[in-house]
Amino acid sequence: MGKKKHRESHHRTSRRFHQDDDDYSSALPSSAFDLPPPPQDDDDEEEGEEEEEVEESHEKSKHDLGADTDTPSKFDLYQLSVQSPKGDISYMLKFFLMYVGGRQPLHLQEDFCGTALLSTEWLRSDPRRTAVGLDLDLESLDWCLDNNLSKVGSDVSSRLSLFHGNVLQPYESRLVCHPPKIDFIKDLSLDDSIGAQVQSGIPTTMGDATLPARDIVCAFNYSCCCLHSRKDLIAYFRHALNALSRKGGIFVMDLYGGTSSECKLRLQRKFSGFTYIWEQEEFDVINRKTKISLHFQFGKKKALRHAFSFHWRLWSIPEIKDCMEEAGFKSVHFWMREMPDTHLHENADEYTAGRDVKYEELSAFRQRDAWNAYVVAVTNV
């Protein structure tokens, strides 16, 4: 893939490109809005009446929410409404070829990987690719083994290594999936798989494992906001840097902001069979913290509330840049996209971003009601 030509603005330094329709990606203030307008069922027109909601407990949402309900897993709902792996991969490839070049990126590490949907999609299109996934949540990794990996076949799953652990201590994370030597992994629980690995002599931690140097490390869905201190953020960026190839590599994360990110906010979007709801609580301006909750509504009388909740520290762009540079990255680039005004959609039936998606590499950007960004940090080349 060659480098794409860029249009230069006389008023500001910028690069821009459009995603192909299949790789459509835009976001605000959740990557839930990274998707093209979904197909609608006629029955969905009546969804979203909160007064008649019946709350589902968080525990019941685990896996398939029990055998007595047709409600899909909260992880299924999250993947359908929040994630857009093809769009993210398309951008990562463009960023790598633009800032590193000279070779095709083959080795990916997905931090805060959750169900590792991005890693699974990364492996599908090229048999040379490998992926490493790291996450602290055992439930999501378990769901990945039972669902995402079980559907892609041994050729794809054999090139993915999943680790359970903290991104701040990656070398201590435990290997929970290494299909090249454990073909029966899909029939094992996470604890059983660890025991099988020990018995077979397979390394059980990332520090013991032999992994290719990564060409790309990524942290999407605003996961870096889970790190609340500058010390932790720098430590994480250093771990990401150390995982990258000495031949050159990139770390990519996403970030959101704007005046709407610092106030109470509720947005919703309809999908076939359910409505996705993003709820943002009041913003603490001293500590720059907020709580984000994701809900799923099914018709008028059924809802899965607080399916996911996050306590985030909303980082500013200058803070991210300073921390990346202190961690050792040689250059940092910001690809910005202004989002539609949330005040025009907050009370509407549905929030939908426009299809004319455009991210621009900018050196200056005036504050807006809402914006989304890819942040790209580059290692030595």
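The structure displayed is predicted, hence computed values, not measured ones.

Some remarks on helix H8 (residues 317-327)
Okay, step 1: For H8, the set of buried residues is Ile317, Ile320, Cys323, Met324 and Ala327. An end-on view of H8 places all buried positions within 130° of arc, on one side of the element.
Okay, step 2: The positive-phi residue at the C-terminal boundary of H8 is Gly328, with phi of around 120°.

Re the packing of helix H1 (residues 74-81) against helix H4 (residues 138-148)
Okay, step 1: Where H1 meets H4, the axes come as close as 11 Å, and the angle between the chain directions of the two elements is 80°. By the criterion of interaxial angle, the relationship of H1 to H4 is roughly perpendicular. On the side of H1, the interface is formed by Lys74, Phe75, Asp76 and Gln79, while H4 contributes Glu139, Ser140, Trp143 and Asn148.
Okay, step 2: Classifying every residue of the contact of H1 with H4 by side-chain character gives two nonpolar, three polar and three charged.

Description of the packing of aromatic side chains
Okay, step 1: Within this structure, the stated rule accounts for 25 aromatic pairs.
Okay, step 2: Arranged with centres 5.3 Å apart and planes meeting at 5°, the rings of Phe271 and Phe274 form a pair that is stacked.
Okay, step 3: Assessed through its relative accessible area of 6%, Phe271 is described here as buried.
Okay, step 4: Since its relative accessible area comes to 4%, Phe274 is described here as buried.
Okay, step 5: Feature note: the residues Phe75, Tyr78, Trp143, Tyr222, Tyr256, Trp278, Phe308, Phe310 and Trp312 constitute an aromatic cluster, connected by ring pairs.
Okay, step 6: Taking the ring centre of Trp315 as reference, the NZ or CZ of Arg313 above it sits at 3.8 Å.
Okay, step 7: The ring centre of Phe365 lies 5.1 Å from the NZ or CZ of Arg368, which sits over that ring.

Criteria and cut-off values
Residues numbered from 1 in each chain as written. Predicted model: local features only at pLDDT ≥ 70, side-chain atom pairs only at ≥ 80, totals over all residues. Heavy atoms only, no water. Buried < 20%, exposed > 50% of the residue type's maximum accessible area, 1.4 Å probe, protein only. Helix = DSSP H or I, 4+ residues; strand = E, 2+ residues; numbered from the N terminus. Arc of directions from axis to C-beta. Axes fitted to C-alpha atoms, helices over the stretch in contact; angles between N-to-C directions. Parallel < 35°, antiparallel > 145°, perpendicular 65-115°, else oblique. Contact = heavy atoms within 4.5 Å. Nonpolar A, V, L, I, M, F, W, Y, C, P; charged D, E, K, R; others polar. Phe/Tyr/Trp six-rings, centres within 6.5 Å; stacked < 30°, edge-to-face > 60°. Lys NZ or Arg CZ within 6 Å of the ring centre and 35° of its normal.

Everything listed here is a matter of geometry and, on its own, says nothing about what the molecule does.
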